Amino acid sequence: MIEQKVALIGAGQMATALAGGWIRSNTFAPDRILAADPSPAAREAFEQATGCRAVADNAEAVAAAQTVVLAVKPQQFASAAASVRIGPETLVVSILAGVRLQRLNEAFPQARLIRVMPNTPALVGQGASAYAMGPRAGSDDAALVETMFAAVGRVVAVEERLLDAVTGLSGSGPAYVYVLIEALSDGGVRMGLPRSIALTLAAQTVLGAAQMVLHTKEHPAVLKDRVASPGGTTIAGLAALEEAGFRAALIAAVEAAARRSEELG
């Protein structure tokens, strides 16, 4: 268990997911975590969900923390940064989409900086996060961030220039998968299954297939070929997907989201 204190600037869904994951995994004790948010409703929801304290004042939360996690909306970054003073003894971890390390460094010219791009499945402990090291951050800081975000899923290190690609893939990717699950379910309904059964089967199929990729560490093409027997049902379905441009559509979706992330940044 990490003994240092961590402050969350923002007490919304992602901050709540992180704090909850840290407590469940014994990464931090509840009394080591303090959140700040101007919204009484957000503070109350955070406290009820995590058992940690939340205050209204950002400066109060930061005062005794060795690590500060920026978890506000990107448009609130300037006001949040102006409300606190952070020195070289503090690690600042930003999960703000589109706020690049250069801008973070301008706001916190003495702090150690790491930028992280998580995704919403962190809310159920199944997130995919990527982080990029910033000025003055060292190997101990990287190890801490890996521990913090591994508590809510999987985490990888990338160069900052790749975070837009991460946004297009894992940041926006849950929405693509939701569409996939909905479409699979619609197919089941079209062929006569009740909606509730079709949706359960579709969601569990996506979950199971993803677990197979992660646990076996085999290439998806190898796993696909094991399901597709010659002249069988699966290869007929795969042929229909290829004819409809399924692969190309997903590749284009990742690229479009990544390009948009570049523009917003």
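Summary of the structure given here. (Residues numbered from 1 in each chain as written. Predicted model: local features only at pLDDT ≥ 70, side-chain atom pairs only at ≥ 80, totals over all residues. Heavy atoms only, no water.)

1. Topic: the pairing of strand E5 (residues 91–94)
Put simply, the test is: Buried, partly exposed and exposed residues are distinguished by accessible area as a fraction of the type maximum, computed with a 1.4 Å probe on protein chains only: under 20%, between the cut-offs, and over 50%, respectively. In this text, helices come from DSSP runs of H or I with a minimum length of four residues, and strands from runs of E with a minimum of two, each type numbered from the N-terminal end. The pairing criterion is simple: DSSP has to find at least two bridges between the two strands. Crossover handedness is defined here as right-handed if the route from the first strand over the helix to the second strand goes clockwise, with the strands pointing away from the viewer.
Side chains Leu91 and Val93 project from E5 onto one buried face, and the interleaved Val92 and Ser94 project onto a second face that is buried too. Here strand E4 (residues 67–70) runs beside E5; their pairing, made up of four bridges, is parallel. Bridging from a neighbouring strand, Leu70 pairs with Ser94 of E5. Between the parallel elements E4 and E5, the chain passes through helix H4 (residues 77–82) in a crossover that is right-handed. Bridge count for E5 against strand E6 (residues 112–117) is four bridges, and the pairing is parallel. By the bridge assignment, Val93 is partnered in E6 with Ile114. In the classification by handedness, the crossover that spans E5, the intervening helix H5 (residues 101–107) and the parallel E6 is right-handed.

2. Here we look at the pattern of salt bridges
Defined as follows: For this document, the term salt bridge refers to a Lys or Arg side-chain nitrogen within 4 Å of an Asp or Glu carboxyl oxygen.
Inspection of the entire model under this criterion finds twelve salt bridges. Measuring nitrogen to oxygen at the nearest pair gives 3.0 Å for the salt bridge that ties Glu263 to Arg260. Placement of both Glu263 and Arg260 in helix H12 (residues 246–264) is noted, with a separation of three residues, approximately one turn of the helix.

3. A few points about the pairing of strand E8 (residues 153–157)
Strand direction decides the pairing type here: strand E7 (residues 127–133) and E8, joined by five bridges, are parallel. The partner of Tyr131 across the bridge, within E8, is Ala157. Handedness of the crossover is the feature at issue here: the chain leaves E7, passes through helix H6 (residues 139–150), returns alongside E8, and the resulting connection is right-handed.

4. What to know about the sheet that holds E6
The pairing of strands in a sheet happens through backbone hydrogen bonds and is either parallel or antiparallel. This is how it is decided: Note on method: axes are straight lines fitted to C-alpha atoms, helices fitted across the in-contact stretch only, with angles between N-to-C directions ranging 0 to 180 degrees. Should any heavy atoms of two residues lie within 4.5 Å, those residues are considered in contact.
Spatial ordering of the open sheet is given by E3-E2-E1-E4-E5-E6-E7-E8, a layout of eight strands whose pairing is mixed. This sheet does not close on itself; its edge strands, each paired only once, are strand E3 (53–55) and E8. This sheet shows a mean twist of 25° between the axes of neighbouring strands, independent of strand direction. Contacts between helix H1 (residues 13–24) and the sheet are confined to strand E1 (6–9), strand E2 (33–36) and E4, with E1 contributing the most and set at about 160° to the helix.

5. As for the nonpolar core
For the record, the criterion: Within this scheme, the nonpolar core is defined by two criteria: the residues are buried Ala, Val, Leu, Ile, Met, Phe, Trp, Tyr or Cys, and they are joined through side-chain atoms within 4.5 Å.
Counting residues in each nonpolar core, the largest one holds 33 residues, and the members touching the most others are Leu8, Trp22, Ile33, Phe46 and Phe149. The set of elements that each furnish at least two residues to this core consists of E1, H1, E2, E5, E6 and H6. Core analysis: the next-biggest nonpolar cluster, separate from the first, contains 24 residues, Ala7, Ala61, Ala65 and Leu101 among them.

6. With respect to the packing of H1 against helix H2 (residues 40–50)
Using the following cut-off: With respect to orientation, any angle under 35 degrees is reported as roughly parallel, any angle over 145 as roughly antiparallel, any angle of 65 to 115 as roughly perpendicular, and every other angle as oblique. Definitions for this section: a left-handed crossing has its near helix turned counterclockwise from the far helix by less than a right angle. A right-handed crossing has that turn clockwise. Three categories are distinguished: nonpolar for Ala, Val, Leu, Ile, Met, Phe, Trp, Tyr, Cys and Pro, charged for Asp, Glu, Lys and Arg, and polar for the others, with Gly belonging to the last.
The contact between H1 and H2 brings their axes to 9 Å, and the two run at 20°. One element, H1, and the other, H2, form an angle in the roughly parallel class. In the crossing of H1 with H2, the sense of the turn from one axis to the other is right-handed. Within the contact between the two elements, H1 uses Ala15, Thr16, Ala19, Gly20 and Ile23 and H2 uses Phe46, Ala49 and Thr50. Grouping the amino acids of the contact of H1 with H2 by side-chain chemistry returns five nonpolar, three polar and no charged.

7. Details of the packing of aromatic side chains
The criterion, for reference: Pairs were defined over the aromatic rings of Phe, Tyr and Trp, the Trp ring being its six-membered one, requiring ring centres within 6.5 Å. Orientation was assigned from the angle between planes: stacked under 30 degrees, edge-to-face over 60, tilted for the rest.
What the rule picks out here adds up to two aromatic pairs. Judged by centre distance (6.4 Å) and plane angle (80°), the rings of Phe77 and Phe108 are edge-to-face. Remark: Phe108 occurs in the loop between H5 and E6 and Phe77 occurs in helix H4; sequence separation between them is 31 residues. By the burial criterion, Phe77 is buried, and Phe108 matches it.

8. Overview of the side chain of Thr167
Topologically, Thr167 is positioned in helix H7 (residues 163–171). Each residue touching Thr167, except ones within four places of it in the same chain, is listed here: Met117, Ser172 and Ser261.

9. Observations concerning H1
Note the following rule: In a helix, the anticipated span is given by 1.5 Å times the number of residues less one.
With twelve residues, H1 ought to run about 16 Å at 1.5 Å a step, and its terminal C-alpha atoms sit 16 Å apart, in line with that. Taking burial as the measure, the twelve residues of H1 include nine buried ones, the bulk of the element. Every buried residue of H1 is listed here: Met14, Ala15, Thr16, Ala17, Leu18, Ala19, Gly20, Gly21 and Trp22. Its buried side turned inward, H1 meets E1, E2, H2, E4 and H6. Among the residues trailing H1, Asn26 stands out with phi positive, at a value near 60°.

10. Some words on the environment of Gly21
Looking at where Gly21 falls in the secondary structure, it is placed in helix H1. Spatially, the C-alpha atoms of Gly21 and Ser185 are 31 Å apart, while their sequence positions differ by 164 residues. In this structure, Gly21 is in contact with Ala151 and Val152, ignoring residues within four places of it in sequence.

Keep in mind these values describe shape, not function.
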